[in-house]
Amino acid sequence: MALGLIDVVAESDLKIWDWAALVPVIEGAGGRVTDWAGQPLHPGSDGRVMALGDPRLLAEAVHLLQS
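This structure is a prediction, so every number in the text was calculated from the model and none was measured.

Participant: Honestly, the pattern of salt bridges in this entry has me stumped. Any pointers?
Facilitator: When the charged atoms of two side chains with opposite charge come close together, those side chains can pair. All chains considered together, the criterion is met by 3 salt bridges. With a closest N to O distance of 3.4 Å, D13 and K15 form a salt bridge. For D13, a relative accessible area of 54% gives the class exposed. Using a relative accessible area of 37% as the deciding quantity, one classes K15 as partly exposed. A salt bridge links R48 to D46, with the shortest nitrogen-to-oxygen separation between them at 2.9 Å. Of the residues examined, R48 reaches a relative accessible area of 33% and is grouped as partly exposed.

See below:
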């Protein structure tokens, strides 16, 4: 993801320790990490996590995951 080789990763059952350290790495490389609704993650997030190499894909990815 941080290298720009993957467009989107969606996981449905992650815990905070699975994603917390990756957020600054991915976002520091220009990507984005959100929940499946496109909202920022927080300690109480439900485990549905999406990471995008290109934030411009966010709206389309959210739409596909909500379908």
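Participant: What is the right way to read helix α3 (residues 58–66) from this model?
Facilitator: Because an α-helix packs 3.6 residues into every turn, residues spaced three or four apart end up facing the same way. Residues of α3 that are buried: L58, A61 and V62. Down the axis, α3 shows its buried residues gathered within 100 degrees of arc, on one side only. Along α3, the residues that are exposed and aim more than 90 degrees away from the buried face are A59, E60, H63 and L64. Residues of α3 that are buried in the fold lie against β1 (8–11), β2 (32–35) and β3 (49–52).

Participant: Is there a simple way to think about the nonpolar core in this case?
Facilitator: Soluble globular proteins tend to pack their nonpolar side chains together in the buried interior. If you look at the biggest cluster of nonpolar residues, it comprises 7 residues: W19, V23, I26, V33, L41, V49 and A51. Among the elements of the structure, α2 (22–28) and β3 are those that each provide at least two residues to this core. Formed by 6 residues, the second largest nonpolar core is a distinct cluster that contains M50, L52, L58 and V62.

Basis of the calculations
- Residues numbered from 1 in each chain as written.
- Predicted model: local features only at pLDDT ≥ 70, side-chain atom pairs only at ≥ 80, totals over all residues.
- Heavy atoms only, no water.
- Salt bridge = Lys/Arg side-chain N within 4 Å of Asp/Glu carboxyl O.
- Buried < 20%, exposed > 50% of the residue type's maximum accessible area, 1.4 Å probe, protein only.
- Helix = DSSP H or I, 4+ residues; strand = E, 2+ residues; numbered from the N terminus.
- Arc of directions from axis to C-beta.
- Contact = heavy atoms within 4.5 Å.
- Core = buried A, V, L, I, M, F, W, Y, C linked by side-chain atoms within 4.5 Å.

Remember that the coordinates give geometry; whether it matters functionally is a separate question.
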